[in-house]
Amino acid sequence: MKILRDAAAVRTAVAGAGRVGLVPTMGAFHEGHLSLIRAARAACDVVVVWLFVNPTQFNESSDLVNYPRDEERDAALAAESGADILFAPTVEAVYPAGFATTVTVAGLGDILEGAHRPGHFTGVATVVAKMLNMVGPQVAFFGAKDAQQVAVVRRMVADLDIPTRIEVLPIVREPDGLAMSSRNVRLGADERRRATALHRGLVAAGYAASTGQRDAATLARVVEGVLDGEALSAEYVAVVDPDTFEPLTTVDRPALIALAARVGSVRLIDNMEVAP
Ligand code: PAF
């Protein structure tokens, strides 16, 4: 596996090599990332893993500073999982002096995560547009944990006619249900245990939906009740259309329940599709 730092080198390496798969990441790999790399390996001729802790999508400087970084470990795991190229650009290569263009997905980028993390999705959409232009992949692989990010990226790719297919892979969970996240390593032992309430709440709401509860506000309260049991309060619990993220009042078709909650100082998100 090659480690490359600039777009010109990546373009040369992938030129004429067939179907290019891109796995966008900010590093600190866990099984969720590795499942994306393996899926790209199975579907593509060349697998490029993007590793860049994108400063413009962090709205809290402490989160950026504390974000786990270990390129050597990530490179070993990416190679083992089948990557051909680890594209790990510098901040200057992504945002050179004079950089002045941003991509904003209006509406979808302003609600839920966007409302609680102002500027976050403009940072995400801009860097994803850049990486898709730099690498030119036929397919890009994203994880379903960042469901709103997927919706924002899909909207942007469609709106800007970017010729990349967006593939989404299921959330990978710890045995006790906690969604894998690079931020989980920052949870203390007690926080780690309490954090399982996010998944337990979603499962309880999923069960309620499957046994006849169609009222979205009631389903959100089921999730909140489980969080409450661990003295956690959600930043939001939203019952939305899985593609458009439009809020639903009645679950009369498949819906997504998405939530964010702080466990100690660590902000976690999770989601689950539920059906009536
Ligand atoms: O999901 C992530 O890791 C990031 O938001 C992404 C897509 C790599 C953009 O920086």
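Each remark here, short or long, concerns the structure printed above.
Description of the structure in this document. (Residues numbered from 1 in each chain as written. Predicted model: local features only at pLDDT ≥ 70, side-chain atom pairs only at ≥ 80, totals over all residues. Heavy atoms only, no water.)

**Regarding the overall build of the chain**
Of the regular secondary structure elements, the chain holds 11 helices and 9 strands. For a compact globule of 276 residues, the expected C-alpha radius of gyration is about 19 Å, and the chain comes in at 19 Å, within 12% of that figure. Principal-axis analysis of the C-alpha atoms gives the chain an extent of 55 × 40 × 40 Å. In the chain, buried positions account for 53% of the 276 residues. Of all intrachain contacts in the chain linking residues separated by at least 6 positions in sequence, the fraction that spans at least 24 positions is 72%. Counting only carbon and sulfur atoms, one obtains 53% of the accessible surface of the chain, whose full area is about 12000 Å². Each charge sign in the chain was given a centre, from 26 positive and 33 negative side chains, and these centres are 1 Å apart. (Helix = DSSP H or I, 4+ residues; strand = E, 2+ residues; numbered from the N terminus. Rg over C-alpha atoms; globule rule 2.2 N^0.38 Å. Buried < 20%, exposed > 50% of the residue type's maximum accessible area, 1.4 Å probe, protein only. Contact = heavy atoms within 4.5 Å. Areas by Shrake-Rupley, 256 points an atom, 1.4 Å probe, with all protein chains shown as cover. Lys, Arg positive; Asp, Glu negative; His and termini not counted. Charge placed at Lys NZ, Arg CZ, Asp CG, Glu CD.)

**Things to note about the environment of Leu 187**
The residue Leu 187 is located in the loop between strand E6 (165-169) and helix H9 (189-194) in this model. The contacts of Leu 187, once residues within four sequence positions are left out, are Leu 178, Arg 192, Ala 195, Val 263, Val 266 and Leu 268.

**Comments concerning the site of the ligand**
Contacts to the ligand come from Pro 24, Thr 25, Met 26, Asn 54, Gln 57, Val 127, Phe 142, Asp 146 and Gln 149. Within the contact set of the ligand, an oxygen atom lies 2.6 Å away from a side-chain nitrogen or oxygen of Gln 57. Within the side chain of Gln 149, an N or O atom sits 2.7 Å from an oxygen atom of the ligand. Here the ligand has 290 Å² of accessible area as a free molecule, and 90% of this is covered by the chains. A per-class count over the shell around the ligand returns 4 nonpolar, 4 polar and 1 charged. (Near = heavy atom within 4 Å. Polar contact = N/O pair within 3.5 Å; in protein donor to acceptor, adjacent residues only side chain to side chain. Nonpolar A, V, L, I, M, F, W, Y, C, P; charged D, E, K, R; others polar.)

**Considerations on the side chain of His 199**
Tracing the sequence through the fold places His 199 in helix H10 (residues 196-210). Judged by relative accessible area, which is 16%, His 199 ranks as buried. Here His 199 is in contact with Arg 173, Asp 176, Gly 177, Asp 270 and Met 272, once residues within four sequence places are set aside.

**Thoughts on unusual backbone geometry**
In the Ramachandran plot, Asp 161 falls in the positive-phi region, its phi being about 55° despite a non-glycine side chain. With respect to the element layout, Asp 161 can be found in the loop between helix H8 (147-159) and E6. Backbone geometry at Ala 231 places phi at a positive 55°, although glycine is not the residue there. Within the element layout of this structure, Ala 231 appears in the loop between helix H11 (216-228) and strand E7 (234-240).

**Considering the pattern of salt bridges**
The full count for this structure, using the stated rule, is 20 salt bridges. Among the ionic pairs, Arg 183 bridges to Asp 63, the shortest N-O distance being 3.0 Å. Placement of the pair is Arg 183 in the loop between E6 and H9 and Asp 63 in helix H3 (residues 61-66), with a sequence separation of 120 residues. For the pair shown, Arg 183 and Asp 63 are each scored as buried. For Arg 173, the salt bridge goes to Asp 270, with nearest N and O atoms at 2.9 Å. You can see Arg 173 sitting in the loop between E6 and H9 and its partner Asp 270 sitting in strand E9 (residues 266-274), a full 97 residues away along the chain. Classification of Arg 173 as partly exposed rests on a relative accessible area of 24%. Using a relative accessible area of 3% as the deciding quantity, one classes Asp 270 as buried. In this structure, a network of salt bridges that share partners links the residues Glu 60, Glu 113, Glu 235, Arg 262 and Arg 267. (Salt bridge = Lys/Arg side-chain N within 4 Å of Asp/Glu carboxyl O.)

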